[in-house]
Amino acid sequence: MYLDSELILEKLAITPTSVRLLVLRLFLDYNSAFSLSRVEEHLFYADKSTIFRTLQLFESKGLLHSIVTSNGVRNYALCTDECLDDNHAHFHGHLKCDHCNQLFCVPIISLPLFKETDGFKIGSFQIIANGVCKECNQFA
Ligand SMILES: [Zn+2]
Ligand SMILES: [Zn+2]
Ligand SMILES: [Zn+2]
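1. Considering the overall build of the protein
- What the protein contains, in helices and strands, is five helices and six strands.
- The order of helices and strands in the protein, counted from the N terminus, is α-α-β-α-α-β-β-β-β-β-α.
- The C-alpha atoms of the protein give a radius of gyration of 16 Å, which matches the 14 Å a tight globule of 140 residues would have.
- Taken along the three principal axes of its C-alpha coordinates, the protein extends 50 × 45 × 30 Å.
- Within the protein, counting contacts between residues at least 6 apart in sequence, those at least 24 apart form 49% of the total.

Written as structure tokens, this is what we have:
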């Protein structure tokens, strides 16, 4: 399905500037997560601080969510319909390729069950599985 990036931004009351549209287009075109430096590589002609602010804005508006991997790199990925609501919880897992460092969002079959949450209300959690992605596996 073709998603109009301008429409997506308008729906979230985000002014569609050229950099914002480019960043969103990037996430729509590639179906994977991007670290700040990877976004900068793709949009090398754009101002770095503008890119950074765009990612922050998108995250605060619930368009992107971010995941920090074990190497301390923050990755951003598009939010799906399931989390585009008020509570904006993220109940899905992530697969990280140790070869190319790509990160993929994947649905989970069931939530992990905690033994004792003592009234704690869980809003989100992180599951990251490390390994080798399909593409890198072909050349391994
Ligand atoms: Zn989300
Ligand atoms: Zn890979
Ligand atoms: Zn994700």
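Now that the structure has been shown, we can carry on.
2. Observations regarding the sheet that holds strand 2 (residues 64–68)
- Judged by pairing direction, the sheet is antiparallel, and its three strands sit side by side in the order 1-3-2 without closing on themselves. Only two strands of the sheet have a single partner each, and these edge strands are strand 1 (34–35) and strand 2.
- Pairing geometry for strand 2 and strand 3 (residues 74–78), over five bridges, is antiparallel. Pairing of V68 across the sheet is with R74, part of strand 3.
- Each of strand 2 and strand 3 is contacted by helix 4 (residues 48–60), which is oriented at about 110 degrees to strand 2, the strand it contacts most.

3. Digging into the pairing of strand 3
- Within strand 3, four of the five residues are buried, which leaves it mostly tucked inside the rest of the structure.
- The pairing of strand 1 with strand 3 spans two bridges and is classified as antiparallel. When the sheet's bridge partners are listed, S35 is paired in strand 3 with N75.
- Taking the residues between adjacent antiparallel strands as the criterion, strand 2 and strand 3 are bridged by five residues, where G72 takes a positive phi near 80 degrees.

4. Thoughts on the sheet that holds strand 4 (residues 92–97)
- Across the sheet, which stays open at both edges, the three strands sit in the order 5-4-6 with mixed pairing between neighbours. Of all strands in the sheet, those bounded by a partner on one side alone are strand 5 (103–107) and strand 6 (128–131). Shown here is a sheet whose adjacent strand axes are inclined to one another by a mean of 25 degrees, direction ignored.
- As defined by bridge partners, strand 4 adjoins strand 5 across five bridges and the pair is classed as antiparallel. Paired with H94 across the bridge in strand 5 is C105.

About the criteria used
Residues numbered from 1 in each chain as written. Chains lettered and ligands numbered in written order. Predicted model: local features only at pLDDT ≥ 70, side-chain atom pairs only at ≥ 80, totals over all residues. Helix = DSSP H or I, 4+ residues; strand = E, 2+ residues; numbered from the N terminus. Rg over C-alpha atoms; globule rule 2.2 N^0.38 Å. Contact = placed C-beta atoms within 7 Å. Pairing = 2+ DSSP bridges. Axes fitted to C-alpha atoms, helices over the stretch in contact; angles between N-to-C directions. Buried ≥ 20, exposed ≤ 12 C-beta atoms within 10 Å, placed from the backbone.

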